[in-house]
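# Geometric and topological summary
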Amino acid sequence: MTAITAVSVLSLAAVSAATPAPADAAPVAGGPGPVASAAVTGGSGPVVADAASLAGDVAPVTKGSAPLAGGDDSERAAGSVTPAGAAPVSGGGDSAPPTGSPLPPEAKAFGASIKLAALRGHLERLQSIADANGGNRAAATPGYAASLAYVADRLREAGYRLTSQEFKISFFREVATPVLKRTRPLAKKYVPGTDFRTMTYSGSGEVTAPVQAVDLVLPPKKGHESTSGCEASDFSRFVRGNIALIQRGTCSFQAKAERAEAAGASGVIIFNDGRAEGADTHKGLFGGSINTSTVRIPVVSADFATGEQLAARGTTVALVVQTEIAPDRRTRNLIAESTWGDPDRVVMLGAHLDSVMMGPGINDNGSGTAGVLETALAAKSLRTKNRLRFAFWGAEELGLLGSKYYVSALPPAERAKVKLYLNFDMIASPNHVFGIYDGNSSGNVISATPPPGSGQIEKLLQAYFEAVGEPYQDADFSGRSDYGPFIGIGIPAGGLFTGAEGLKSTEEAKKFGGTAGVAYDKCYHQACDTIANINDKALLVNSGAIAAAAFTYGYADDLPHAPNNPPNAGDSLGSRGSKGSGVPGVPGKGAVVPGRPGAGAGGLESGHDHDHGGLLR
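The present account deals with the structure reproduced in this document. (Residues numbered from 1 in each chain as written. Predicted model: local features only at pLDDT ≥ 70, side-chain atom pairs only at ≥ 80, totals over all residues. Heavy atoms only, no water.)

This next bit is on the packing of aromatic side chains. What the rule picks out here adds up to 21 aromatic pairs. A network of ring pairs unites the aromatic residues F434, Y464, F465, Y472 and F512 as a single cluster. Across from the ring centre of W340, 4.0 Å away, lies the NZ or CZ of R383, which sits over that ring. (Phe/Tyr/Trp six-rings, centres within 6.5 Å; stacked < 30°, edge-to-face > 60°. Lys NZ or Arg CZ within 6 Å of the ring centre and 35° of its normal.)

Sheet topology note: the strand β5 (residues 179-184)/strand β14 (residues 316-321) ladder contains five bridges and is antiparallel. Bridge pairing in β14 places L180 opposite L319. Where β5 meets strand β6 (residues 188-189), two bridges bridge the pair, whose relative direction is antiparallel. Each bridged residue has a counterpart across the sheet, and for R182 the counterpart in β6 is K188. (Pairing = 2+ DSSP bridges. Helix = DSSP H or I, 4+ residues; strand = E, 2+ residues; numbered from the N terminus.)

So, about the nonpolar core. Among the nonpolar cores identified, the biggest contains 69 residues, and L155, Y160, F390, F392 and Y553 are the most heavily contacted of them. Counting residues per element, this core draws most heavily on helix α14 (residues 536-555), which supplies twelve residues. If near-sequence neighbours (up to four positions away) are discounted, Y160 is found in contact with L155, A336, E337, S338, W340, A376, A379, K380 and F390. Of all hydrophobic cores here, the second largest spans 30 residues; its members include A139, F167, Y201 and I246. (Core = buried A, V, L, I, M, F, W, Y, C linked by side-chain atoms within 4.5 Å. Buried < 20%, exposed > 50% of the residue type's maximum accessible area, 1.4 Å probe, protein only. Contact = heavy atoms within 4.5 Å.)

What follows concerns the state of the cysteines. Note on terminology: a disulfide is the covalent bond linking the sulfur atoms of two cysteines. The final tally for this structure, using the stated rule, is two disulfides. Note on cysteine connectivity: C230 is disulfide-linked to C251, with sulfurs 2.0 Å apart. Between C230 and C251 the sulfur-sulfur dihedral comes to about -90°; the bridge is accordingly left-handed. With C230 in the loop between β8 (205-214) and β9 (243-247) and C251 in the loop between β9 and α6 (253-262), this residue pair connects regions lying 21 residues apart in the sequence. For C251, a relative accessible area of 14% gives the class buried. Across the disulfide from C523 sits C528; the S-S distance is 2.1 Å. (Disulfide = S-S within 2.5 Å.)

In short, the description is geometric, and any link to function would need to be established separately.
If you want it as structure tokens, here you go:
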């Protein structure tokens, strides 16, 4: 386990995550290690830091410990504000308080204090950082380091106590545009990002070979989920050197790719299964990860139409994929904590800060970052009775790596202090819906089992949307974004989501506006996910909800925690009826409505088409 080091923003900004940390970097034990002088590249201006100048900002942290609570009432600034008439907020269970709405009027007012200009100011800064750093802000790149420095700089100025948490990742990127061409029987070139895409952790290769179908179900059968490529017997007649064509289905992409490589495949194409189950369609392009850097052959995903075409007898294709995998890169989480409030009662909010390599990630997830950051800045004048903690996660796009690491590093006593976690990932999709994570399992999608108290969080967020007169609907509570590791250890969670590459239904268009049959975010994981890809209304409404939730739980006497959950509960993510692999904290976003695909990336079950570096199947 790498050391968790508490540092000031000055030293944070000096970190360049594009290169590995020195091999001889010593863990921190009882105090900070040496801090090298460096210029800040992502803050408000050039700043030079050295060890002496940081002495007053650095708190000692023991290796593997949680971020320290920090401070007490004596640290409260003069002129701090406790809102008049802020009443204790009831909670603790999944039922709403008997006295009406769980949302205090003061919380609604605090939500209304969040302004669009400030939110867009954060997004403009993240856009400029991406523009100056190769067009992205991906984990372990200079763009991410500069993004982290900007956020840290603002939080430090607001008086928060900062913790930088470094961890190792397996870095992945494409170094060239992939190619998929049918050469026989009729030539056809497929479009990357439309017809197919490279899977995260795909190997590299350039091959032209016959396509060999592996246990396909064509046409697809209603109610039947394909097991294509999931069993060794599927490859009993596979011809070495051919390209394996595999249907999406019950087992993980990793299992499919590894079995194909073991059978001698020169490449793998995994296409959507084509099933149509009511509103749930499995035809579009999806992304995902093979969750390992051990597969050496090229692996791509494809939509159903492409797969169906390539399944024709006598088909030959040319497949070219060039990737870079570096297993020993390092990146960071940033944790900001108030110096006021009960350190044994932590209310935690978070958003992932990294983008994908393909674009600047202004909706995914600059939007969630802006909402959480602006809430933290607004909350600096509050003096809540509970401790506020704000997290900005690294490497979510590679598989929830930052939040997984954070949770795994929390000692049992620190886990018990975190009473709830609120997650905000993609809150301003241009063709948005207002989705609230389904913490009480009222929807009909099989997903992760919500810890007790998650339903109360859902009710609070619903109350805010009702108070401001906006419609809402369930979002699948599947564990496929950074709340996954938290619910995996029994911490109640909730959050908001406006949709990814799934298509908006006619019913949703009537309810929320926008265009039916068009993706919620047609620039999802693409270079066009710029500041022009943001829906201002969705950004402002959702950010108001973030602030209102922080206010409510910050002052609450009773918090929606699960009192009977042991603080050292296991890390595996509980799933209900899932056929997935059981990998803790499966990455992705979740579906915006029960039964509908297309919300982010992840895959406890196969009904969700997305890519956050970890779609399982």
